[in-house]
Every structure is written in structure tokens, then in C-alpha cells.
Amino acid sequence: MAERPPVPETMLTPLRRILGALEQCGEEVAWVGVRWRVAGATVAHVFGGEDQLFRITFRADPDEVMAFEHLGAPYFRTGWGSNVVGLVLDEHTDWEEVRELLTDSYCLQAPARLAERVPRPGAAQT
């Protein structure tokens, strides 16, 4: 069985910038790779696979999960959780899109008091 590669800094740096900006979203070493959690709930998990590809999993609105699944590569649906989807990361990754996806994931996982403070495109700000 091939070993899982460590996630390169070129991927961790933008993820840390995105997720570190979200209130109380903490980074921790996962069983493989790195994950970010808020209030005990996982927002994102990045890891290298035995196939040497790098993936990030995150939460999506249940209505969007099927859409991600049908989009196909680089998106995929995981085999666990009804609202967990993923994205293969590579040199073509659109980091602005990743920012939007991870912000949505955070808002789904965070307590309402934290989620409502996150500026989101298209949402009315109070």
C-alpha cells in the first residue's frame, strides 16, 4: 500500500489564511492531514491520498450535495455524512472558490452566533 503524502505548504498556506480568518476556527492535526474545527465540529479536512492526490472535504447545504456530485471532477461526494463533499486540490485550484466553499462550510458547522457574523456574498448585512 502506498503511503499518504504530507500536504504541501503551498496548499496549507491559503487554507490557513482562509480558515484562520473565521472566528474560533482552529487548526489541528488529524488522523491523516490537517483539519479545522469550530465548536467541536469539523469545517474542513485536507489530506494526501494513497493515490498521491490531495483532497479537501467540507460541509455543504444538503440541497447542494447532489449538485457537487453531478459536477464530477474535481468534486466528489464522500462515503460518510449526508452533507460532506470534497474537492481534489492541484495546481489548477481556484482558491477564491475554495474560500467561498469553506466559508459556507463554516457557517453550516458554527454556532449561529458565530455564523451570523460572517460576511457572505449576496447576504444582507445588518
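Attention in this report is confined to the structure presented alongside it.

1. Brief notes about the overall build of the protein chain
Along the backbone of the protein chain there are 4 helices and 6 strands. Computed over C-alpha atoms, the radius of gyration of the protein chain comes to 14 Å, within 12% of the 14 Å expected from 2.2 N^0.38 for 126 residues, which places it in the range of a compact globule. Dimensions along the principal axes, computed over C-alpha positions, put the protein chain at roughly 50 × 30 × 25 Å. Looking at the protein chain residue by residue over its 126 residues, the buried ones come to 43%. Of the contacts formed within the protein chain by residues at least 6 apart in sequence, a portion of 50% connects residues at least 24 apart.

2. Here's the deal with the sheet that holds strand β3 (residues 41–48)
Taken in spatial order, the 6 strands line up as β1-β2-β3-β4-β6-β5 in an open sheet, and their pairing is antiparallel. Each edge of the open sheet carries a strand with a single partner, namely β1 (26–29) and β5 (75–77). Here the average twist between neighbouring strands, direction ignored, is 25°. Across the sheet, helix α1 (residues 9–20) is in contact with β1, β2 (34–38), β3, β4 (54–59) and β6 (84–89); its angle to β2 comes to roughly 5°. Seen against the sheet, helix α3 (residues 95–109) touches β2, β3, β4, β5 and β6 and runs at an angle of roughly 40° to β4.

3. A few points about the pattern of salt bridges
Scanning the model with the defined rule gives 8 salt bridges in all. We note a salt bridge from E69 to R77, for which the minimum N-O separation is 3.4 Å. A single network of salt bridges, built from pairs that share partners, joins E9, R16 and E27.

4. Things to note about the packing of aromatic side chains
According to the stated counting rule, one finds 2 aromatic pairs in the structure shown. Look at F58 and F68: their rings are 6.0 Å apart centre to centre, the planes differ by 85°, and that puts the pair in the edge-to-face class. Taken as a pair, F58 in strand β4 and F68 in helix α2 (residues 62–71) lie far apart in primary sequence, 10 residues in all. For F58, a relative accessible area of 3% gives the class buried. On the numbers, 5.2 Å between centres and 45° between planes, the contact of F68 with Y75 is tilted. Among the residues examined, F68 registers a relative accessible area of 10% and is labelled buried. Overall, Y75 belongs to the buried group, its relative accessible area being 11%. Ring pairs connect the aromatic residues F58, F68 and Y75, which therefore count as one cluster.

The rules we used
- Residues numbered from 1 in each chain as written.
- Predicted model: local features only at pLDDT ≥ 70, side-chain atom pairs only at ≥ 80, totals over all residues.
- Heavy atoms only, no water.
- Helix = DSSP H or I, 4+ residues; strand = E, 2+ residues; numbered from the N terminus.
- Rg over C-alpha atoms; globule rule 2.2 N^0.38 Å.
- Buried < 20%, exposed > 50% of the residue type's maximum accessible area, 1.4 Å probe, protein only.
- Contact = heavy atoms within 4.5 Å.
- Pairing = 2+ DSSP bridges.
- Axes fitted to C-alpha atoms, helices over the stretch in contact; angles between N-to-C directions.
- Salt bridge = Lys/Arg side-chain N within 4 Å of Asp/Glu carboxyl O.
- Phe/Tyr/Trp six-rings, centres within 6.5 Å; stacked < 30°, edge-to-face > 60°.

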